[in-house]
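# Commentary on secondary and tertiary structure
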Amino acid sequence: MSRIKLLISNFFVYGVGGIIAKIIPLLMVPIITRLMPDSFYYGMSDLSTTIVSLFTALAVMGMYDAMYRLFFEKDDIEYKKDVCSSAFFFTMITSTIVALLCVILKKPISLLFYSDSSYGNLVMLCALSVLIGSTNSIVAAPTRMQNKKVIFLITNALSPIISYSIAIPLILNGHYLIALPLAMLISSFILEIAFAIMNKKWFSFKRIRWDYIKSMLKIALPLLPNFIIYWIFNSSDRIMIARLIGTDQEGIYAVGSKIGQLSQLIYLAFAGGWQFFAFSIMKDEDNNKVISRIFEVMALLSLSTTILGTSICKFGMELLFEKEYWSAYLCVPYLYLSPLLLMLFQIGTNQFLVIKKTWPNLFILSIGAVVNVILNLILIPKIGIEGASIATLIGYSISILLCVIVLKKFKLIEISKKLIFFILLFFILFILMRLNYFSNYLLNIPVAIGYLFIIIIFYWKDIKNILNKIFKHKKISNEES
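Residues numbered from 1 in each chain as written. Predicted model: local features only at pLDDT ≥ 70, side-chain atom pairs only at ≥ 80, totals over all residues. Heavy atoms only, no water.

### Describing the packing of helix α4 (residues 77-104) against helix α10 (residues 210-245)
Interhelical geometry of α4 versus α10 gives an angle of 75° and a closest axis separation of 9 Å. Between α4 and α10, the angle is such that the two are roughly perpendicular. Residues Y79, D82, V83, S86, A87, F89 and F90 of α4 pack against W210, Y212, I213, M216 and L217 of α10. (Axes fitted to C-alpha atoms, helices over the stretch in contact; angles between N-to-C directions. Helix = DSSP H or I, 4+ residues; strand = E, 2+ residues; numbered from the N terminus. Parallel < 35°, antiparallel > 145°, perpendicular 65-115°, else oblique. Contact = heavy atoms within 4.5 Å.)

Pasting the structure below:
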């Protein structure tokens, strides 16, 4: 299979999987917010997710990415099984320790996240989710690393269906605080059992190799601070909103974040196919050129979809939600673009992972995270939840800029003048839309379409070449079959 065919096929297959996994939660947001008495309870559920994401990152300790990296080191099935077994054993130990610490420290954690120490039982529920979610990622990994796309599609469809089938009855019976966290826990547990059955041949305690664990830790430990910093970017603003302006405002922000996560359909699709693709071409001579082109294409896709979504975001929020949540529309454009900037950052920093230099990631992300936290402290009290979303976008933008500068110094990426032009044009148009509070549809929609049209004109030859390669490969494949 050609490299472009490999990337695009993975992108669209995992795109379907990502859409299935995300479209149900997105469709359910308006329903869930209407079933709950007010935004406070939705904010509490979102804070529970924040707890789980933080402690899961601590439990996994970067082992998933390290396992992925070593998995493709040798084309030896026995070696691959040793790597998977060693990673699972280590993660099982760390996730158990982290979950126990959550239980022991349930009152301080409750006070920190919920601003009230009386929610210790909710923290215990989160601890169980950490235990199951951490090991789940490892148990499911062989399915992803073997690129079993059909299984991926099925499991992504089942996960949200199971979760909301449990959550809605709980909400209807008045269990507003535990409904979503408990549903997430049960759904994760069911999927882990399913993956454990499917991938049982990949894991055995007899295959634990301490030297492999040591090798993976050399890659994983420098990545752990990166995941903590990702959490600061994605979740610290939620805690700060809850403490500075109230949990009800955090609930409104969470809704804006959920709608902004429409971009996750692109991000998850790319991330799912990206790791397999990136490591499969890492030894190719033109790797840097290929990565640079992918970076440019995904940057343009990110900017064009953001400008299109921004032009109608206010209309969408007023159509889907009750008036209590309408103010979240101001956050949506920033929170839509932020995950896509993270995607671009991961495309770039994958070059460091390939050459086994992970220290620049930490340095670059740390600067962006510090800027994000400082801006949160300044902007949230002044302009509310929009301030948090602006802080997140600026933090990621700084990280991307620094990443590109460092990669160019190492001669690991190339950035075209055309891309720079479209980035500058995007920010000019975005600021103009914001001056109208993203609400002047007669101006915003033509501007967004015009931006997309100009991109197509400038890149028409590239688009045509990619389409020709795809259809040419498809024709050859059909003839061979």
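Here the narrative resumes, following the displayed structure.
### With respect to the packing of aromatic side chains
Taken as a whole, this structure holds 22 aromatic pairs when the rule is applied. Note on F89 and F205: the rings are 6.4 Å apart at their centroids and 90° apart in plane angle, and the pair reads as edge-to-face. In this pair, F89 is assigned in helix α4 and F205 in the loop between α9 (179-198) and α10, connecting sequence segments 116 residues apart. Overall, the relative accessible area of 56% leaves F205 in the exposed class. With centroids separated by 5.7 Å and ring planes inclined at 90°, the aromatic side chains of F89 and W210 adopt a geometry described as edge-to-face. Note that F89 is positioned in helix α4 and W210 in helix α10, a separation of 121 residues in sequence. On the basis of relative accessible area, F89 is assigned to the buried category, the value being 19%. Aromatic ring contacts, followed pair by pair, group Y334, F421, F422, F426, F427, F430, F438, Y451, F458 and Y459 into a single cluster. Over the ring of Y459 we find K418, and its NZ or CZ is 4.0 Å from the ring centre. Looking at R434, its charged tip hangs above the ring of F438, at a distance of 5.9 Å from the centre. (Phe/Tyr/Trp six-rings, centres within 6.5 Å; stacked < 30°, edge-to-face > 60°. Buried < 20%, exposed > 50% of the residue type's maximum accessible area, 1.4 Å probe, protein only. Lys NZ or Arg CZ within 6 Å of the ring centre and 35° of its normal.)

### Observations regarding the nonpolar core
Formed by 84 residues in total, the largest nonpolar core has its most connected members in I32, Y42, M317, L344, I347, F438 and Y451. The element contributing the most residues to this core is helix α15 (residues 332-354), with 13 residues. Judged by nonpolar contacts, the second largest core, of 32 residues, contains F71, V83, C84 and I138. (Core = buried A, V, L, I, M, F, W, Y, C linked by side-chain atoms within 4.5 Å.)

Read these as geometric descriptors, not functional statements.
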